[in-house]
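Architecture and fold: a report
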2 protein chains.
Amino acid sequence: MTRTMQRQVTPPRIKRRALSIPAEFDSDPVVWAAWLYYEEGMTQEEVADQLGVSRASVVNFLQEARDRNIVTIAVSSRHLQTIGLAREVADAYGLTNCLVVPDDGGRLPVHERIGMAGARLLIERLQPDDVLGVSWGRTVQALSTALPEMKLPGVTVAQICGCSIGTTEFSPELCTSNIANRLGARCVNLHAPGIVSTAQIKRLFVQEPALVETFKIIHKSNKVLFGVGSVDDAGTAMRSGYMTPEKIAPYLARGAVGVVSGRFIDRDGKPLLGALDNQMIGLTLDEIAKVPERICIAGGSDKVDAVYAALNNNYATILVTDVATARSLVPRASRSSRTGAARRP
Amino acid sequence: MTRTMQRQVTPPRIKRRALSIPAEFDSDPVVWAAWLYYEEGMTQEEVADQLGVSRASVVNFLQEARDRNIVTIAVSSRHLQTIGLAREVADAYGLTNCLVVPDDGGRLPVHERIGMAGARLLIERLQPDDVLGVSWGRTVQALSTALPEMKLPGVTVAQICGCSIGTTEFSPELCTSNIANRLGARCVNLHAPGIVSTAQIKRLFVQEPALVETFKIIHKSNKVLFGVGSVDDAGTAMRSGYMTPEKIAPYLARGAVGVVSGRFIDRDGKPLLGALDNQMIGLTLDEIAKVPERICIAGGSDKVDAVYAALNNNYATILVTDVATARSLVPRASRSSRTGAARRP
DNA sequence: CGAGACAATTGACAATTGTCAACTCAGTGT
DNA sequence: ACACTGAGTTGACAATTGTCAATTGTCTCG
């Protein structure tokens, strides 16, 4: 979602005489245009003259250069962390990192903005031999589509909870494979339903050699990426056919405030175990909590309670959220939250 | 040398009412502006409204964001290698990499353009524990100023040839420390003249414990960066007081065509050893040739002979040059050069 | 060989962005 | 108190950039 530009035509009349020796067959004009424009700071018209094409074509070339990742325009996530609010949240909840995406006046939905920032953060943090466990949800899905195409062959992306049955636009398997594809990473899908009908069937599944192998990889995750669902609304989990109201009811009755990777948590973030849990296939909350780096991407006013709970129980080491959510989060923090973070001198 | 932009003022009249909750004290408006503009693709006017400032201020913020490296606009060097010409040169001379910077119609001098591309390449290639040996010259100097500010604390930048006496704008010690500073790397200077008056004095210097220590580090270089000087013109080496015409004369007489890191080479690239060599303090050509990755940055019609010689004797594993030089280089190559590189389908 | 289809390129126009001199406002010195 | 300085901001204007429909070129097929 970089700058929007497209094509155009050149205005000047001194055209058509290629200045130097440009129009040879030994170069990709797109690369040239990108270099001259972005690196040397030429104007599009100058580039057009240099290349011997119309300025409109230059616009096209530049567009293509961005699409092909020949030029990269990136806001470094490190700087989004320098925003005072991000520091306050990080301090308050003991996070190693916190990204707060600015408000854009409702231009883009929250989950998309958070997805974009999360994408940026993710590619800056991934190391060659990482195994990234991926949960699912609207925000995770948004992150996956915001990722640029890359080549990170050493990385593995693993699906940490079973598949959903419904056919919404997002699902665990789609999130995972999308991310892996964009990243050029190995993709490990968990080929099993997220929820099976009985605890016994779950046991059967889990003992299946193919799944055992898959789980071996999943358990090697040194980073996890997950969203947080609320239970107030009809929630992601239900809309996607992952759960049904009847199944959820007992959890709600016992005080569930949110869903992390398909599992319910109470207001303190404690796992809320119930009958359903024995039918769920995927990493448990305790297992997730053991992964060294845990990236939580979530925001929106309806999710504040759930995010607060999740943070409170330290499920996340890194949080990507939006301004409004961050603002609600700070005063709630159990520890001392410092007011008035450092401003520029 | 990214896009040129500066400050400005906003045109619309619907201003001054901050749309959401932007003007709080918890954020750096520069980061916000950068995010909204570059990441979300808002127009500057929209950003201005969102932030509650004039559009002119937004222009200023964006300028500052680029200056502060909050946004990075980069042409990936990998793509400069995809230019057919670069491949031809690489093939012809057995290089692992070759970058060819496009012609810009004389807008910027060759060495600056090459320096920019070299800078890009360098930061993409440097690994955490690298020791980078740095020679000197106009192009190396240009590279150093084209580097962005970074933090690469694990990297060491070492000066591989002694200091010059003159006070030109560039010198071995300046090149090295410039590069180290920009990169946020450790800087190891070689505190000795590049040329001393007698071979005996050189021996004394080199045995000095402080220098012995320095050389230990220098010899650990796993990457080197050097330019190539011609001897046709009055050359860098002389203008900087590094050498004098009398000293050079014997080398010229014996067929010197170029200078690499202060040492003369003949038309086959062979080191041309003479009286002076025993008075030079710094890595020898043979020592340089043993470094695994050797980045040569050089171009310009006056240097073609010298670059050809250097490439011919395999001093470089990576070459950064300009189109004109690359064009001259290809037909000279001793091996089979393939004509007509791949075009886009 | 011409018609048709499709992609690339272009010029005119509209929108966005950069420049600049003037202005505001805090802080200072007298 | 008041003029002065300097940083930060602004509006009007100029330059640059994006859009789009029309044109051109290329390739395929009849």
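In every chain, residue numbers begin from 1 and rise along the written sequence. All chains are assigned letters beginning with A, and all ligands numbers beginning with 1, in the order in which they are written. Local features in a predicted model are, by the rule used here, given only for residues with pLDDT of at least 70; side-chain atom pairs are given and counted only at 80 or more, and totals for whole chains, interfaces and linings are based on all residues. Based on all heavy atoms of the structure, the side-chain values leave hydrogens and waters out of the count.

1. Some thoughts on the overall build of chain A
Rules: We count a stretch as a helix when DSSP gives it H or I for four or more residues in a row; a strand needs E for two or more, and each element gets its number in order from the N terminus. Contacts were defined at the residue level, with two residues in contact if any of their heavy atoms lie within 4.5 Å. The accessible surface values rely on the Shrake-Rupley method and a 1.4 Å probe; as for residues, cover is taken only from the protein chains in view.
Helices and strands together make up the secondary structure of chain A, namely 15 helices and 11 strands. In chain A, the proportion of contacts linking residues at least 24 apart, taken out of those at least 6 apart, comes to 73%. Summing over all exposed atoms, chain A offers an accessible surface of approximately 14,200 Å²; the carbon and sulfur share of this is 52%.

2. Examining the environment of Cys-161 of chain A
Relative to the helices and strands, Cys-161 of chain A is located in the loop between strand 4 (156-159) and helix 8 (172-183). In the structure, Cys-161 of chain A is positioned 25 residues away from Trp-136 of chain A in sequence and 8.1 Å away in space, judged by C-alpha atoms.

3. Here's the deal with unusual backbone geometry
Stated formally: Exposure is judged per residue with a 1.4 Å probe applied to protein chains only, and the accessible area is read against the type maximum: over 50% gives exposed, under 20% gives buried, and values in between give partly exposed.
The phi dihedral of Asn-69 of chain A is positive, around 65°, even though this residue is not glycine. Looking at the element boundaries, Asn-69 of chain A is found in the loop between helix 3 (55-67) and strand 1 (71-75). A relative accessible area of 28% places Asn-69 of chain A in the partly exposed class. Even without glycine at this site, Asn-314 of chain B takes up a positive phi of about 60°. Residue position: Asn-314 of chain B is located in the loop between helix 14 (304-312) and strand 11 (318-322). Asn-314 of chain B sits in the partly exposed class, given a relative accessible area of 35%.

4. Comments concerning the sheet that holds strand 5 (residues 186-188) of chain B
Residue and element names in this part refer to chain B. How we decide: Strand pairing is defined by DSSP finding a minimum of two bridges between the two strands. Axis geometry follows a simple rule: fit a line to the C-alpha atoms, using only the stretch in contact for helices, then measure angles between N-to-C directions, giving values from 0 to 180 degrees.
Taken in spatial order, the seven strands line up as 2-11-10-6-3-4-5 in an open sheet, and their pairing is parallel. On the outer flanks of this sheet lie strand 2 (97-101) and strand 5, each paired with one strand and no other. On average, adjacent strands in this sheet sit at an angle of 15° to one another, irrespective of strand direction. Note: strand 3 (residues 131-134) against strand 4 (residues 156-159), four bridges, orientation parallel.

5. Some remarks on the nonpolar core
Across soluble globular proteins, nonpolar side chains have a tendency to be buried as a group. Note the following rule: By convention a nonpolar core is built from buried Ala, Val, Leu, Ile, Met, Phe, Trp, Tyr and Cys residues, the set being connected through side-chain atoms within 4.5 Å.
Of all hydrophobic cores here, the largest spans 203 residues; its most connected members are Ile-179 of chain A together with Ile-179 and Leu-225 of chain B. Residue contacts for Leu-225 of chain B: discarding those within four places in its chain leaves Leu-122, Leu-132, Gly-133, Val-134, Ser-135, Val-140, Leu-143, Ile-179, Ile-295 and Ile-297 of chain B.

6. Structural notes on helix 15 (residues 323-332) of chain B
Note the following rule: Directions pointing from the helix axis toward each C-beta atom define the arc.
Along helix 15 of chain B, the residues that are buried comprise Val-323, Thr-325, Ala-326, Leu-329 and Val-330 of chain B. On an axial view of helix 15 of chain B, the arc spanned by its buried residues comes to 155°, and they lie on one face.

7. Describing the pairing of strand 10 (residues 293-297) of chain B
Residues and elements named next belong to chain B. Using the following cut-off: Place the viewer so that the strands point away; then a crossover is right-handed whenever the path from the first strand over the helix to the second strand goes clockwise.
When you tally the buried positions in strand 10, you get five out of five residues, the bulk of the element. Where burial is concerned, the two faces of strand 10 agree: the one with Glu-293, Ile-295 and Ile-297 and the one with Arg-294 and Cys-296 are both buried. Taken together, the four bridges between strand 6 (residues 223-226) and strand 10 define a ladder with parallel strand orientation. Of the residues in strand 10, the one forming a bridge with Lys-223 is Glu-293. Viewed along the sheet, the connection from strand 10 through helix 14 into strand 11 turns out right-handed.

8. Brief notes about the packing of aromatic side chains
Residues and elements named next belong to chain A. Heads up, the rule is: Stacked, tilted and edge-to-face pairs are distinguished by plane angle, under 30 degrees for stacked and over 60 for edge-to-face with tilted covering the rest, among Phe, Tyr and Trp rings (Trp via its six-membered ring) whose centres lie within 6.5 Å.
Using the criterion set out here, one finds six aromatic pairs over all chains in the structure. Summarising the aromatic geometry, the rings of Tyr-251 and Phe-264 are spaced 4.3 Å apart at their centres and angled 15° between planes, so their arrangement reads as stacked. Of the two residues, Tyr-251 sits in helix 12 (residues 245-253) while Phe-264 sits in strand 9 (residues 263-265), which places them 13 residues apart along the sequence. Take Tyr-251: its relative accessible area is 2%, and that puts it in the buried class.

9. Describing the confidence of the model for chain A
Residue and element names in this part refer to chain A. For the record, the criterion: Scored from 0 to 100, pLDDT reflects the predictor's confidence in each residue.
Overall, the prediction assigns chain A a mean pLDDT of 83, with 84% of residues at 70 or greater. Here residues 1-26 is a poorly scored stretch, pLDDT under 50, and it has 64 contacts once near neighbours within four places are set aside; other chains count. In the model, residues 335-345 has pLDDT below 50 throughout and makes 16 contacts with residues more than four positions away in sequence or in other chains.

10. Some words on the sheet that holds strand 8 (residues 258-260) of chain B
Residues and elements named next belong to chain B. One open sheet accounts for three strands, arranged 7-8-9; its pairing is antiparallel. The two strands at the open ends of the sheet, each matched to only one other strand, are strand 7 (228-230) and strand 9 (263-265). Here the strands of the sheet are splayed against their neighbours by 35° on average, with no regard to which way each runs. Where strand 8 and strand 9 come together, three bridges link them in antiparallel fashion. Looking across to strand 9, one finds that Val-259 is bridged to Phe-264. Packed onto the sheet, helix 14 meets strand 7, strand 8 and strand 9 and runs at close to 135° relative to strand 7.

11. Considerations on the packing of helix 6 (residues 110-125) of chain B against helix 7 (residues 138-146) of chain B
Residues and elements named next belong to chain B. Here is the rule: Throughout this description, any angle smaller than 35 degrees is read as roughly parallel, any larger than 145 degrees as roughly antiparallel, any in the 65 to 115 degree range as roughly perpendicular, and the remainder as oblique. For a crossing to be left-handed, the near helix must be turned anticlockwise from the far one by less than a right angle; the clockwise case is right-handed. When residues are sorted by character, Ala, Val, Leu, Ile, Met, Phe, Trp, Tyr, Cys and Pro go into the nonpolar class, Asp, Glu, Lys and Arg into the charged class, and all the rest, Gly among them, into the polar class.
Running from N to C, helix 6 and helix 7 point in directions that differ by 55°, and their axes come no closer than 7 Å. Between helix 6 and helix 7, the angle is such that the two are oblique. Where helix 6 crosses over helix 7, the two elements pack in a sense that is right-handed. In this structure, helix 6 contributes His-111, Glu-112, Ile-114, Gly-115, Met-116, Gly-118, Ala-119 and Leu-122 to the contact, and helix 7 contributes Arg-138, Thr-139, Ala-142, Leu-143 and Ala-146. Split into classes, the residues belonging to the contact of helix 6 with helix 7 amount to seven nonpolar, four polar and two charged.

12. Focus on the packing of helix 7 of chain B against helix 8 (residues 172-183) of chain B
The description of two packed helices rests on the angle between their axes and on the distance between the axes. Residues and elements named next belong to chain B. At a minimum axis separation of 8 Å, helix 7 and helix 8 run at an interaxial angle of 20°. The angle between helix 7 and helix 8 falls in the class roughly parallel. The element helix 7 and its partner helix 8 pack so that their crossing is left-handed. On the side of helix 7, the interface is formed by Val-140, Gln-141, Leu-143, Ser-144 and Thr-145, while helix 8 contributes Cys-175, Asn-178, Ile-179 and Arg-182. Tallied by class, the residues present in the contact of helix 7 with helix 8 amount to four nonpolar, four polar and one charged.

13. Points about the environment of Asn-60 of chain B
In this fold, Asn-60 of chain B is placed in helix 3 (residues 55-67). Separated by 33 residues in sequence, Asn-60 of chain B and Tyr-93 of chain B have C-alpha atoms that sit 47 Å apart.

14. Thoughts on helix 7 of chain B
Where helix 7 of chain B is concerned, the buried positions are Thr-139, Val-140, Gln-141, Ala-142, Leu-143 and Ser-144 of chain B. At its buried positions, helix 7 of chain B is contacted by helix 6, strand 3, helix 8, strand 6 and strand 10 of chain B.

15. Here's the deal with the pattern of salt bridges
Two side chains that carry opposite charge are able to pair once their charged atoms sit near each other. So the rule is basically this: Salt bridges are identified by distance alone: a Lys or Arg side-chain nitrogen within 4 Å of an Asp or Glu carboxyl oxygen.
Under the definition given, this model contains 20 salt bridges over all chains. For the salt bridge of Asp-305 of chain A with Arg-332 of chain A, the shortest nitrogen-to-oxygen distance reads 2.9 Å. Of this pair, Asp-305 of chain A sits in helix 14 (residues 304-312) while Arg-332 of chain A is found in helix 15 (residues 323-332), placing the two residues 27 residues apart along the sequence. Assessed through its relative accessible area of 36%, Asp-305 of chain A is described here as partly exposed. Given the relative accessible area of 32%, Arg-332 of chain A is considered partly exposed. Here Lys-216 of chain B makes a salt bridge to Glu-213 of chain B, at a shortest N to O gap of 3.3 Å. A residue pair is termed a helical-turn pair when its members lie 3 or 4 positions apart in one helix, as Lys-216 of chain B and Glu-213 of chain B do in helix 10 (residues 209-218) at three residues. What emerges from the salt-bridge pattern is a single network uniting Glu-40 and Glu-46 of chain A together with Arg-107 of chain B.

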